[in-house]
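Fold and contact review
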Amino acid sequence: MQVAVAIVPRQPGLYAIHADADVWEELGLGLPPDPRPLYAGKAERSLAGRDINTHFATGRTGSSTLRRALAGLLAQPLGLCGQPRNTAKPAYFSNFGLEAEGDERLSSWMHDRLRIATWASPSGVELDEIETVVLGTLQPPLNLDKVSTPWRGAVSAGRARLATQARVWRPKP
């Protein structure tokens, strides 16, 4: 991932997360119907900050929709367990985190299998409007907002299972 850190801009823009057909199958999504990305989004301040320091960073699952979607689909094969993102003040369980070892496994899986493409926006561009059009056109399977895809049920169900684990989580004695 060191190469990506060097090439991901530190300015606002859009990003897309891509993977090959083997990853689509591993996630239970079937074969990709076209070259669409798995996930796309906007970074209002910094693409590097949003993508490298949140989506691809261990310990940030509770702050990353992408990580939670992947965790939901990979919970069984990677042995992932949901917990509150803030174990000192458990709340907002739909934004679950992962236990430390599982979070590391998810990060490793992501670094090994996913690719990122970015578009740095010129100043003054309304990213939300552009993101809405991009998502509506591309229909990435891991996005839940602004899209309606055949994969929505599987992604939502996987996330819900880990959110339930987070809700009933108790610290180990």
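Provided above is the structure to which this section pertains.
Cut-offs and rules
Residues numbered from 1 in each chain as written. Predicted model: local features only at pLDDT ≥ 70, side-chain atom pairs only at ≥ 80, totals over all residues. Heavy atoms only, no water. Helix = DSSP H or I, 4+ residues; strand = E, 2+ residues; numbered from the N terminus. Buried < 20%, exposed > 50% of the residue type's maximum accessible area, 1.4 Å probe, protein only. Pairing = 2+ DSSP bridges. Axes fitted to C-alpha atoms, helices over the stretch in contact; angles between N-to-C directions. Contact = heavy atoms within 4.5 Å. Expected span 1.5 Å × (residues − 1). Polar contact = N/O pair within 3.5 Å; in protein donor to acceptor, adjacent residues only side chain to side chain. Salt bridge = Lys/Arg side-chain N within 4 Å of Asp/Glu carboxyl O.

Looking now at unusual backbone geometry. For Tyr 92, which is not a glycine, the phi torsion comes out positive at approximately 50°. As for its position among the elements, Tyr 92 is in the loop between strand S3 (82–83) and strand S4 (97–98). Taking the relative accessible area as the measure of exposure, Tyr 92 reaches 65% and is therefore exposed. Positive phi values are uncommon outside glycine, yet Gln 139 reaches one of about 50°.

Across the sheet, which stays open at both edges, the three strands sit in the order S2-S1-S5 with antiparallel pairing between neighbours. The open sheet has two edge strands with one neighbour each: strand S2 (39–43) and strand S5 (115–120). Taking the axes of each pair of neighbouring strands and ignoring which way they run, one obtains an average angle of 20° across the sheet. In the sheet, strand S1 (residues 13–18) pairs with S2 via five bridges, with the strands oriented antiparallel. Paired with Ile 17 across the strands is Tyr 39, a residue of S2. Sheet strands in contact with helix H6 (residues 127–138) are S1, S2 and S5, and its direction is about 175° off that of S2.

A few words now on helix H5 (residues 100–113). Residues separated by three or four positions in an α-helix point in the same direction, a consequence of the helix having 3.6 residues per turn. In this model, H5 (14 residues) spans 20 Å end to end at C-alpha, consistent with the 20 Å of a helix rising 1.5 Å per residue. Of the residues that open H5, the one with a side-chain oxygen 3.2 Å from the backbone nitrogen of Glu 101 is Glu 99.

Moving on, we come to the pattern of salt bridges. As enumerated under the stated definition, the model contains nine salt bridges in all. Close ionic contact of Glu 44 with Lys 42 constitutes a salt bridge, the shortest N to O distance being 3.8 Å. With a relative accessible area of 24%, Lys 42 lands in the partly exposed category. Residues Glu 99 and Arg 105 are paired through a salt bridge, measuring 3.4 Å at the closest nitrogen-oxygen approach. Since its relative accessible area comes to 16%, Glu 99 is described here as buried. Its relative accessible area of 34% is what places Arg 105 among the partly exposed residues.

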